[in-house]
Amino acid sequence: MILIFCKPNVKKRYFGNISFDGVKFVNSEDEADFSIVKIPFEQYDSEFFENNSKTICIIKAMPHHKRVDIRKGYCIDNRVDIPNIKNFCFSTNDFCGVPHIIPMPFGPTFKQNKNQKPKYWLDYNIKNTDFHNKVYWRSRVSTHESRKTFMKFYNSINDPRFDVSELKVNIYQTDVDPSIFTDHIERLSNSDVGFVLRGDRPWVLSFFDVTMSGCIPIMISSMNDYGWENIFENVDDYMLRFDLREHSMEYIHEQVALLLEDKERVLRMKANIANFYNTFFRHSAKFGFAEFFLAKCIEIYKNDFDLEKIDDKFICSEVLKLKGIDGKL
């Protein structure tokens, strides 16, 4: 039995009522095998690490003014002065290649940011099983440079299968009509493929919307290095991944068009995505990747907090063991 301590508010936010055989949340750090804490970035210092050697940390998101020019490039938060971190930390800030820091995704977006009811994602049952021959993307363009390149390309072509347009309002705000979000999900649910582009907040919010709608995610410069290969036999059976630093929009469009021409592959991938979403994301925890987060913490513990044994991939095979799944999907 692995014993884990975290404060009630952290447990509620990240794990909800999720429970697994062999894992128990306890009420005291003294009886725990390791602890999970959430503290501000500024509080990470050598004294903290010396006194909390078996603590896994969640770095609170830094204020925007400290995330210098986050919208203008990649891994920009590496410019921020980083303390001498000795514990494993999870962060939704845009770090990469920093020892002990593991990039951590968002999702689903808080209900108050979409004017939806609590745990709204549990009401969406994936019924997207038909072939629509349709690709959908609708969002704001100004939030990151990759979106401008993307939109410029789709403004230059005329392919009726690609429903790509700019959204002038931010659907992830409380003062936006909630019908805008529900209409967005309805359009996704009547499409086969949804683009997931890098956004203006840490990582991307649209991944949940796309998978919750039963669409095949087309990942462009976003969430491509999370460790999908640790749970999928073939990642390309679930999503397509590209990077605008390596692939042109012409090439990306061509690959998506080729996918649409293979109806059987599209239907197979959509069925895979529905199974993936229903297996790992239909739970009550506010943090959608709860099981992946817990699995990575357990992997760190099982490997004695040894940096040489732990990579920075958020998704690890330990999540399959938690779920009692025999082998990769």
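The rules behind these values
- Sequence order as written defines residue numbering, which begins from 1 separately in each chain.
- Restriction of local features to residues with pLDDT of at least 70 applies here, the model being predicted, together with a cutoff of 80 or more for giving and counting side-chain atom pairs; totals for whole chains, interfaces and linings are based on all residues.
- Each side-chain value is derived from all of the structure's non-hydrogen atoms; neither hydrogens nor water enter the calculation.
- Numbered from the N terminus, helices here are DSSP runs of H or I no shorter than four residues, and strands are runs of E no shorter than two.
- We call a residue buried when its accessible area falls under 20% of the maximum for its residue type, exposed when it is over 50%, and partly exposed in between, using a 1.4 Å probe and counting protein chains only.
- Every residue pair with non-hydrogen atoms within 4.5 Å of one another is taken to be in contact.
- The method behind every accessible area is Shrake-Rupley, applied with a 1.4 Å probe, and residues are considered shielded solely by the protein chains displayed.
- DSSP bridges decide pairing: two strands pair if at least two such bridges lie between them.
- Between rings of Phe, Tyr and Trp, where Trp is taken as its six-membered ring, a pair exists when centres lie within 6.5 Å; planes separated by under 30 degrees are stacked, by over 60 edge-to-face, and by other angles tilted.
- We call a charge positioned over a ring when the NZ of a Lys or the CZ of an Arg lies within 6 Å of the ring centre and within 35 degrees of the ring normal.
- Given the number of residues in a helix, its expected span is that number minus one, multiplied by 1.5 Å.
- As used here, the arc is the angular range of directions from the helix axis to the C-beta atoms.
- Here a polar contact is taken to be a pair of N or O atoms separated by no more than 3.5 Å, where protein atoms must pair a possible hydrogen donor with a possible acceptor and residues adjacent in sequence count only if both atoms sit in side chains.
- We call a set of buried residues a nonpolar core when its members are Ala, Val, Leu, Ile, Met, Phe, Trp, Tyr or Cys and they connect through side-chain atoms within 4.5 Å of each other.
- Here an angle of 0 to 180 degrees is reported between the N-to-C directions of two axes, which are lines fitted to C-alpha atoms, with helices fitted over the stretch in contact.

Here we take up the overall build of the protein. In terms of regular secondary structure, the protein is built from 9 helices and 11 strands. Residues classed as buried in the protein amount to 53% of the 329 residues present. Considering only residue pairs separated by 6 or more positions, the protein has 65% of its internal contacts joining residues 24 or more positions apart. Accessible surface, the protein as shown: approximately 15,100 Å² in total, 44% of it carbon and sulfur.

Next up on the list: the pairing of strand β9 (residues 193-197). Summarising burial for β9: 5 of the 5 residues are buried, a large majority. Where strand β7 (residues 135-139) lies against β9, 2 bridges are found, and the strand directions are parallel. From the neighbouring strand, Tyr-136 faces β9, where its bridge partner is Gly-194.

Scanning all chains against the criterion turns up 38 aromatic pairs. Note on Tyr-238 and Phe-276: the rings are 6.4 Å apart at their centroids and 75° apart in plane angle, and the pair reads as edge-to-face. Taken together, the residues Tyr-238 in the loop between β10 (216-220) and β11 (240-242) and Phe-276 in helix α7 (residues 263-280) connect sequence positions 38 residues apart. On the accessibility criterion, Phe-276 (0% relative accessible area) is buried. A cation over a ring is seen here: Lys-11 above Phe-25, with NZ or CZ 4.8 Å from the ring centre. Against the face of Tyr-14 rests Arg-13, its NZ or CZ located 5.1 Å from the ring centre.

Our focus in this paragraph is helix α4 (residues 178-189). Between its terminal C-alpha atoms α4 stretches 17 Å, which fits the 16 Å expected from 12 residues at 1.5 Å a residue. Listed as buried for α4 are Phe-181, His-184, Ile-185 and Leu-188. Projected onto a plane normal to the axis of α4, the buried residues spread over an arc of 95° and lie on a single side. Of the residues flanking the start of α4, the one acting as N-cap is Asp-177, its side-chain oxygen 2.9 Å from the backbone nitrogen of Ser-179.

This part covers the nonpolar core. Ranked by size, the top nonpolar core spans 67 residues in total, and within it Phe-207, Trp-228, Phe-276, Phe-292, Phe-293 and Phe-314 carry the most contacts. In terms of residue count, the dominant contributor to this core is helix α8 (residues 290-302) (8 residues). For Trp-228, the contacting residues outside a window of four places in its chain are Phe-207, Met-219, Met-223, Val-235, Met-239, Arg-241, Phe-276 and Ile-315. Core analysis: the next-biggest nonpolar cluster, separate from the first, contains 24 residues, Val-135, Phe-242, Met-249 and Val-256 among them.

The strand order β8-β7-β9-β10-β11 describes an open sheet built from 5 strands, whose pairing is parallel. Looking along the sheet, the strands with just one partner apiece sit at the ends: β8 (162-166) and β11. Taken over all neighbouring pairs, the strand axes of this sheet differ in orientation by 20° on average, direction set aside. Strand direction decides the pairing type here: β7 and β8, joined by 5 bridges, are parallel. Counterpart to Trp-137 in the pairing with β8 is Val-164. The sheet contacts of helix α3 (residues 145-154) involve β7, β8, β9 and β10, and relative to β8 the element is tilted by about 125°. Here α4 sits on the sheet in contact with β7, β8 and β9, set at roughly 160° to β7.

Below, the discussion takes up the sheet that holds strand β5 (residues 89-91). Judged by pairing direction, the sheet is parallel, and its 6 strands sit side by side in the order β2-β1-β3-β4-β5-β6 without closing on themselves. Of all strands in the sheet, those with a lone pairing partner are β2 (23-26) and β6 (101-103), marking the two edges. In this sheet, neighbouring strand axes are inclined to one another by 25° on average, regardless of whether the strands run parallel or antiparallel. Here strand β1 (residues 2-5) runs beside β2; their pairing, made up of 4 bridges, is parallel.

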